[in-house]
Structure formats: structure tokens, C-alpha cells
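# Descriptive analysis of the structure
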Amino acid sequence: MIRKFIDKLLGKSAPAEGAAPAKGGKTPRIPLGKRVEVPASEHGIDPSLLDDRAVRVVATLQDAGYEAYIVGGAVRDLLVGMRPKDFDVATNATPEQVKGLFRRAFIIGRRFRIVHVIHGRGRDHEVIEVSTFRAYMDNAAAEQVEGNEKTSRDEIAGKSHVVDASGRVLRDNVWGPQIEDAARRDFTVNAMYYDPRSQTLVDYHQGLKDGKAKLLRMIGDPETRYREDPVRIIRVVRFAAKLGFTIEPKTQKPLRTMAALLSNVPASRLFDEMIKLLQTGHSLASLAELKKQGLDRGVFPVLDAVLASAPAGGEREKFVHLALADTDRRVAEGKAVAPSFMLACMLWHDVQAGWTRLREAGEHTMPALSQAIDAVFDARIGDISGRGKLATDMREIWMMQPRFERRSGTTPYGLVDQPRFRAGFDFLRLRADAGEVASEFAEWWEDFSLGDDAEREALVEAVRESGKGSGKQGGRPRRSAEPRAAADAPARPAPAAPESGEVADAPRKRRRRRRKPAGGRGGEPGSTPPASEHGE
């Protein structure tokens, strides 16, 4: 008892229940901070930016006798006046205790056991992530295994704190006090807790000061923290780009040398981090920050494909730049963005190159495109969680491109009725903006999708008369296995002359409802099919 009292006075913390003892029997050193409670008059968080459902989760936990706070990135964003996209809650209640307080709550995860509290249903549902305060333990206090999550699954089972040979944390489910929970978080600006009821901010590591200074600073020794979770290398780049923060020199120094640790991270998790990097609304800034930190090669296979084969000023660089700029614009406008659309843009030129080779080898157009797509998936995406859905959406976007070349007969009518037409057309418009196809070609499809029956018929007739509707406008010639019999077919009678007051050239005379380039199109009256965001 006396030892515990002395340790408390000296700022030391006893091992949490379930913690493995440190090597040599010593309590691990923990970079504990000092609890500072900041009133609303000082931190200036605007309560109107809070999410009502997150506040209700906090209130429910507090009413049940537990501590509960909004935590992490949500607090960081609130401090800079941004409305957070996601709200996380931290509490001293265990996952089982949290689950028992909510009707729709699910315990998930093995590496970190957390609770998802679900509000609403369908597309309007919201998930509030609730985590239990965790003890911070250094690598010496953890059980070590030689393999990773998969190869050492049996060894890890039933354990609370496990690391691999490089120091990467494979399990972290040892509960502890809030002061240790703050210490185990990555950056000072992510280690603050906000009580929406009292409007009090709890800060252990001068996160408020760093936030005002726009500084990203790692808690504790940066190299040790990167070893615990190498994904922090990517997170620091993302936060710097998103928030416009400077990386503190000690935090920045080990980035390049520690980047090799990312090879130990599961491919699916690394892939998710890349998507976050490119869909925060600051994708161009993120790529610039990656390059600045020397991380633009060898981290993400998809980015390697884009950056290594996109010479400055070239066609591919222009196309990808337009796609990322469009994604950033959409996020800024509060519109949805689909990972499948962005990835389809980034890998399109890989698909085109394989498509061309196969057609030159004698393969027909559509089978050649399908084979080229499969090859790109295998080379650039790999076997990751969620690949099936991504692959389906990307394939539909790509396979639709040669179909846009066929603007005669009933083909256009069937194409605009496709569920993914909007995403396919957005992609076509982006190709036109990049100069890959004629802008008039994309405008024809825009007019057709927005037109009524008479306008559509006139558009198809105009293409028939010009002889440009059989696959010559999509950028690359289309091979056809069908025998050409048009010359033997009886000629159609000429269209009747317009009567008095009738418009002879409907596509030219009607009021055109132009959309913004590449992706900002949707929601206009009369659009077909119903507007969606990049096919979402």
C-alpha cells in the first residue's frame, strides 16, 4: 500500500489488471502527462458542431455511473472549428458494460475490442465507436510472438497484450485509467477528452497548445511509437495535409527510416489507410506531403503504379490530377465520394495499356478489356478485404466506356437505365476534360441523359445521319465480329420536313443544362436515372 502511494506521488502507475510484468520485474516507464481541465471560455469549442447522437451516448454512460468523453480526432477537429466526420467516445466502462446499456450495440475487433453503438437504419444509420480506457504498456511488458496476426493466431488467442518481433502491437486489450489511455494515443492533439455536458476539455499532453500552434507532436519516443503501430507513419502525413499542421522535428525525423516497418502491416489495413489519405478532401496535398517525406515510393502499390508511370505533364498525370482535384472539391461541398471511382481513375491507364496489347494480339474488344481489368486487379489491388465490391464497381465503370461509343439504335436507351450509368458518365466526362475523348462526345451523352423522348430520338437520328454512332468516337476504334450488311439494307425514307412552328434541330435549340465537370453532376430535374454521387 505504501509503495503504491509513493508511486502515485512520483507519477508512476501500477500495472493494470491483466498486464504482463515487464522484463526484469520492473514496472514499464509510461510517459504520463498531467491532467489539466480547460473550461469553455479557454478552449472555445462550438457546441453546435457536436453530433446529438454522440452526446446521447456520453450521457447514457454518465447516467449509468461511468466516465465518458468525446475523444480523439473529433476533439481535434472541434478545436479548429471543423465539424468532425466521425465521433468516438472513450469510457471506463468495459465493452460488456457498454453493450448492456444500448439496444443496438456490438462488440467488434480482436486487436482492439471496441463497441459500435448503432443509431438509425439503412443509408442514414450512424455508428458511434466506444472504446474502453486502456493501460499504456511498453514492449517490455508485452508477450512477444515471432509471427503476425495470421501465422501466430493460436499463440495470440486469449492474451491481452501481444507484440511481434518488430514491436508492433498485435493485441491491446488491457484496461487502465484515463491518464494511461491518453499516454498510449499517438499525437498530443489526438489525446484530449471533451465532456459535452460540462463543456470541459481534459488535456494531459498540451494538445490544446500544439493545436493552436498547428503542430503534430508524438507522445513519447517517436521511434518506439512507430514500432508499436507503423500505420502512424501514414497518419502523420494525412493529418499534416488535412489540417495544414507542421510535423514536429523529432516526430518527423524517423519517418523515412521507419517506413520499412509498413511491410509488416496487413495489406487490407494499409489499403484502407490509402483510401483515407486520398478521400479526406486533401488528396493532392497528401500526395505532396508523401513526396516531401520521401514516402511516395514503395508504400502503396496503387500509388506506385500512378506515380512511377505518370511523367510530369503527361496524359496520365493530367487525368489523375483532375480526378483527385474533383474528389477534393466534392468532399469540400459535402458530397459523397466512392473509393471505386477514384481507384478506377488512378488505374485506368494500366487497364488501357493491357487492353491495347490484347486487341493488337487479335482479341475482341470486350473480352480484351475484361482480361486487362483482371490483370490490373491482380497486380495492383491484390487479395484484400472488400476487394469483391470494389472490383465490381470499378469493372462496371470501365466496361461501360466502350459501350458509350455505340450511340445508335436502342443501345443508348439501355445504357442510361443502368444503375451505374452516373458513375460511368462521370468517368467519361473526366476523360473528355483530360482530352482523351472529344468534349462533344461527352456532351452528347449529357444531353441524351437529360433529354425527353423527342430530344433523345432527335439526338440518335443526328448520329445516324452523321455515321458516327458505331464505335468511332470513344478514343479507340472498336472491332466488330458482326458482318457489315448496312450497304445491302433498304434505305430509310428521309425524315419529313418540320411543320410550321416546329423546331428542326432539337438538340441544338433546346436549353442545355450543363453540369460541372467530372463528378459534380446529379440532382438536376429530369436526369435519368435518379442522380447519384459517383454511382453511390
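For the structure itself, look to the data block above.
Residues numbered from 1 in each chain as written. Predicted model: local features only at pLDDT ≥ 70, side-chain atom pairs only at ≥ 80, totals over all residues. Heavy atoms only, no water.

### Quick look at the overall build of the protein
Secondary structure assignment for the protein yields 24 helices and 13 strands. Put simply, the protein has 536 residues, and 49% of those count as buried. Put simply, of all contacts in the protein between residues at least 6 apart along the chain, 68% involve residues at least 24 apart. (Helix = DSSP H or I, 4+ residues; strand = E, 2+ residues; numbered from the N terminus. Buried < 20%, exposed > 50% of the residue type's maximum accessible area, 1.4 Å probe, protein only. Contact = heavy atoms within 4.5 Å.)

### Comments concerning the packing of aromatic side chains
For the structure shown, the criterion picks out 16 aromatic pairs. Cluster of aromatic residues (ring-pair linked, three or more members): Phe404, Tyr413, Phe421, Phe425, Trp444, Trp445 and Phe448. Against the face of tryptophan 444 rests arginine 407, its NZ or CZ located 5.1 Å from the ring centre. Of note, arginine 456 hangs over the ring of phenylalanine 448, and the distance from its end group to the ring centre comes to 5.0 Å. (Phe/Tyr/Trp six-rings, centres within 6.5 Å; stacked < 30°, edge-to-face > 60°. Lys NZ or Arg CZ within 6 Å of the ring centre and 35° of its normal.)

### Details of the pattern of salt bridges
Per the counting criterion, the structure on display carries 24 salt bridges. One network of salt bridges, in which partners are shared, links Asp326, Arg329, Glu333 and Lys335. (Salt bridge = Lys/Arg side-chain N within 4 Å of Asp/Glu carboxyl O.)

### Describing helix H23 (residues 453–466)
Between its first and last C-alpha atoms H23 spans 20 Å; for 14 residues at 1.5 Å apiece the expected length is 20 Å, and the two agree. Considered for burial, the residues of H23 that qualify are Glu455, Arg456, Leu459, Val460 and Val463. Buried residues of H23, seen end-on, are gathered within an arc of 135° and therefore sit on one face of the element. For H23, the exposed residues set more than 90 degrees away from the buried face come down to Asp453, Ala454, Glu457 and Glu465. Between a side-chain oxygen at the N-terminus of H23 and the backbone nitrogen of alanine 454 the separation is 3.2 Å; the capping residue is aspartate 452. Following H23 by one or two positions, glycine 467 has its phi on the positive side, about 70°. (Expected span 1.5 Å × (residues − 1). Arc of directions from axis to C-beta. Polar contact = N/O pair within 3.5 Å; in protein donor to acceptor, adjacent residues only side chain to side chain.)

### Concerning the environment of phenylalanine 112
Mapped onto the elements of the fold, phenylalanine 112 is located in the loop between strand S4 (105–108) and strand S5 (114–119). You can call phenylalanine 112 partly exposed: its relative accessible area is 25%. Residues phenylalanine 112 and threonine 132, spaced 20 residues apart in sequence, show a C-alpha to C-alpha distance of 9.6 Å.

### Some thoughts on the packing of helix H17 (residues 339–360) against helix H21 (residues 421–433)
A pair of packed helices is captured by two measures, namely the crossing angle of their axes and the spacing between those axes. The N-to-C vectors of H17 and H21 enclose an angle of 40°; their axes lie 11 Å apart at closest approach. Here H21 runs oblique to H17, going by the angle between their axes. In the crossing of H17 with H21, the sense of the turn from one axis to the other is right-handed. Listed contacts from H21 to Phe341, Ala344, Cys345 and Trp348 of H17 are Ala423, Asp426, Phe427, Leu430 and Arg431. Tallied by class, residues from the contact of H17 with H21 come to seven nonpolar, no polar and two charged. (Axes fitted to C-alpha atoms, helices over the stretch in contact; angles between N-to-C directions. Parallel < 35°, antiparallel > 145°, perpendicular 65-115°, else oblique. Left-handed = near helix turned anticlockwise from the far one by under 90°. Nonpolar A, V, L, I, M, F, W, Y, C, P; charged D, E, K, R; others polar.)

### Here we look at the environment of serine 283
Here serine 283 lies in helix H14 (residues 283–292). Apart from the residues within four sequence positions on either side, serine 283 is in contact with Leu277, Leu278, Leu324 and Asp328. Within the structure, serine 283 has its side chain in polar contact with the backbone oxygen of leucine 324 (distance 3.3 Å).

### Side note on the pairing of strand S10 (residues 192–195)
Side-chain positions along a regular strand alternate between the two faces of the sheet. Burial along S10 is two-sided: the residues Met192 and Tyr194 and Tyr193 and Asp195 are all buried. As paired elements, strand S2 (residues 68–71) and S10 share two bridges and run antiparallel to each other. Along S10, the bridge assignment pairs valine 71 with tyrosine 193. Here S10 runs beside strand S11 (residues 200–203); their pairing, made up of four bridges, is antiparallel. What sits directly across from tyrosine 193, in S11, is valine 202. Count of turn residues in the S10/S11 antiparallel hairpin: four residues, of which glutamine 199 carries a positive phi of about 60°. (Pairing = 2+ DSSP bridges.)

### Section: H14
Burial in H14 covers these residues: Ser283, Ser286, Leu287, Glu289 and Leu290. All buried residues of H14 fall inside an arc of 160° around its axis, so they share one side. Exposed residues lying more than 90 degrees from the buried face of H14 are Lys291 and Lys292. In the segment just after H14, glycine 294 is the residue with positive phi, at about 75°.

### Observations concerning the sheet that holds S2
Read from one edge to the other, the open sheet built from eight strands follows the order S1-S11-S10-S2-S3-S6-S5-S4, with strand pairing classed as mixed. The open sheet has two free edges, formed respectively by strand S1 (36–38) and S4, since each of these has just one partner strand. In this sheet, neighbouring strand axes are inclined to one another by 30° on average, regardless of whether the strands run parallel or antiparallel. Sheet analysis places S1 next to S11, joined by three bridges and oriented antiparallel.

### Here we look at the nonpolar core
The biggest cluster of nonpolar side chains holds 67 residues, and the ones touching the most others in it are Leu216, Met274, Phe300, Trp398 and Phe427. At ten residues, H17 tops the list of elements feeding residues into this core. Excluding its chain neighbours within four sequence positions, the residues that come into contact with phenylalanine 427 are Phe319, Phe341, Ala344, Cys345, Trp348, Ile397, Trp398 and Gln401. In terms of nonpolar packing, the next biggest core, distinct from the first, is built from 27 residues, Ala105, Ile128, Tyr194 and Leu208 among them. (Core = buried A, V, L, I, M, F, W, Y, C linked by side-chain atoms within 4.5 Å.)

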